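This is what each chain is made of:
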Amino acid sequence: MTRLKYIDSHTGGEPTRVVIAGAPDLGAGSMEERKRCLAAEHDWLRRCLILEPRGSDWLVGCLLQPPVGPRSEAGVIFFNNTGYLGMCGHGLIGVVETLAYEKRIGVGTHQFETPAGPVSATLHEDGTVSFTNVESFVYRKNVDVTLPGGRTVRGDIAYGGNWFFLAEEAKVQAGDLTRLWTRAKEIRQALDDQGITGAAGAVIDHIELFGAPSSAETADSRNFVLCPGGEYDRSPCGTGTSAKLACLAAKQLLAPGETWRQESIIGSVFTGTYQPASNGILPTIRGRAFVTGRSECLLDPHDDFRFGIETPQP
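My aim in this report is to walk through the structure given alongside it, one point at a time. Computed from a predicted model, the values in this text were never measured in an experiment.

Things to note about the overall build of the chain
Part 1 of the argument: Within the chain, the regular secondary structure consists of five helices and 17 strands.
Part 2 of the argument: Whereas a compact globule of 314 residues would reach a radius of gyration of roughly 20 Å, the chain reaches 19 Å, a difference of no more than 12%.
Part 3 of the argument: Across the 314 residues of the chain, 53% fall into the buried class.
Part 4 of the argument: If you take every contact in the chain between residues at least 6 apart in sequence, the share linking residues at least 24 apart comes to 63%.
Part 5 of the argument: As displayed, the chain offers around 13,400 Å² of accessible surface, 49% of which is attributable to carbon and sulfur atoms.

Listed below in structure tokens is the structure:
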């Protein structure tokens, strides 16, 4: 019987499942190479942990890996219900909290290797975690997308470790989830249909709708982020906040070092700052994660659904 040990946490309401033991050997290559190996040869790990009956569409998984560089704490490979991610901001905060819970790291700054590139994360005395993300940038500004019925939505295409289409929305409130979900799905389908992509034809698989915060005293903006698997991010989205900071910087609406408070659809908040970089910005995002459980996944060879269920969508 195959056994996988993992620790669950949530960051601003968004869950992360970190595999700490039992995973297959992916070799000694870069995290991008190991991600490809995991996807091609061992996708059962992603499926059994993320899909039903053990997982859910809004869950993000992470596989810890021995790092390539001697100064790195660990390598990390993130995945969700549809595939693999280059980087995951809330997930990295969850990883840091998990490693602290396991007493593998303490307060201070630690280096991590991701498929998108190296990132650093700092565990602060108050329990919050900040991470300096990969270089983020705006690829195209003021892009028009035609939705069903002929309506046009204008937004920016930006990279924050994943590709985003960011568009302003009049109302971003928890009571508008169905409308926001529908709108975001329409935008993503329209991007595909109209051949609108990121650099080098990259698929834009995250849609970020943003508007006024619930209170100007606690946040500067509120967002709804549709993730690749069709679910929305409960947190303010670390890579999405990075992409947002890149847009603000490109439009000279936020100065280097100035703090931006990004609220999620459920009310959790990340703070972000940035410094200029050669092709964009280096964003630093800060939030808090909490460990919620420690478990062992058992894969019984007699269980026909041990590798997860591809549940039909209504």
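Quick word on the pairing of strand β4 (residues 72–79)
Part 1 of the argument: The buried fraction of β4 amounts to seven of the eight residues, a majority that puts the element mostly inside the structure.
Part 2 of the argument: Pairing of strand β3 (residues 60–65) with β4, which is carried by five bridges, proceeds in the antiparallel orientation. Bridge pairing in β4 links Gln-65 to Gly-75.
Part 3 of the argument: Linking β3 to β4, which pair antiparallel, is a turn of six residues.
Part 4 of the argument: Sheet analysis places β4 next to strand β6 (residues 108–114), joined by three bridges and oriented parallel. Paired with Ala-74 across the bridge in β6 is Phe-112.
Part 5 of the argument: A loop of four residues connects β4 with strand β5 (residues 84–85), the two strands running antiparallel in sequence.

Focus: helix α4 (residues 177–193)
Part 1 of the argument: Helix length check: α4 (17 residues) gives 24 Å between terminal C-alpha atoms against 24 Å at 1.5 Å per residue, within 8%.
Part 2 of the argument: All of the buried residues along α4 are Leu-180, Arg-183, Ala-184, Ile-187, Arg-188, Ala-190 and Leu-191. Buried residues of α4, seen end-on, are gathered within an arc of 160° and therefore sit on one face of the element. Exposed and oriented more than 90 degrees from the buried face of α4 are Thr-178 and Asp-193.
Part 3 of the argument: For α4, the elements touching its buried residues are β9 (137–146), β10 (152–159), β11 (163–168), β12 (206–211) and β13 (221–226).
Part 4 of the argument: Looking one or two places after α4, you find Gly-195, whose phi comes out positive at around 65°.

Some remarks on unusual backbone geometry
Peptide bonds are mostly trans, and most non-glycine residues show a negative phi.
Part 1 of the argument: Here the bond from Glu-52 into Pro-53 is cis, since omega is 10°, no more than 30 degrees from zero.
Part 2 of the argument: Among the structural elements, Pro-53 can be located in the loop between α2 (43–50) and β3.
Part 3 of the argument: For Ala-200, which is not glycine, the phi torsion reads 55° and is therefore positive.
Part 4 of the argument: Tracing the backbone through its elements, the reader meets Ala-200 in the loop between α4 and β12.
Part 5 of the argument: Residue classification places Ala-200 among the exposed residues on the basis of a relative accessible area of 86%.

Structural notes on the side chain of Ser-120
Part 1 of the argument: Residue position: Ser-120 is located in strand β7 (residues 117–123).
Part 2 of the argument: For Ser-120, a relative accessible area of 18% corresponds to the buried category.
Part 3 of the argument: Residues contacting Ser-120, with those up to four places away along its chain left out, are Thr-109, His-110, Gln-111, Ser-130, Phe-131 and Thr-132.

Calculation criteria
- Residues numbered from 1 in each chain as written.
- Predicted model: local features only at pLDDT ≥ 70, side-chain atom pairs only at ≥ 80, totals over all residues.
- Heavy atoms only, no water.
- Helix = DSSP H or I, 4+ residues; strand = E, 2+ residues; numbered from the N terminus.
- Rg over C-alpha atoms; globule rule 2.2 N^0.38 Å.
- Buried < 20%, exposed > 50% of the residue type's maximum accessible area, 1.4 Å probe, protein only.
- Contact = heavy atoms within 4.5 Å.
- Areas by Shrake-Rupley, 256 points an atom, 1.4 Å probe, with all protein chains shown as cover.
- Pairing = 2+ DSSP bridges.
- Expected span 1.5 Å × (residues − 1).
- Arc of directions from axis to C-beta.

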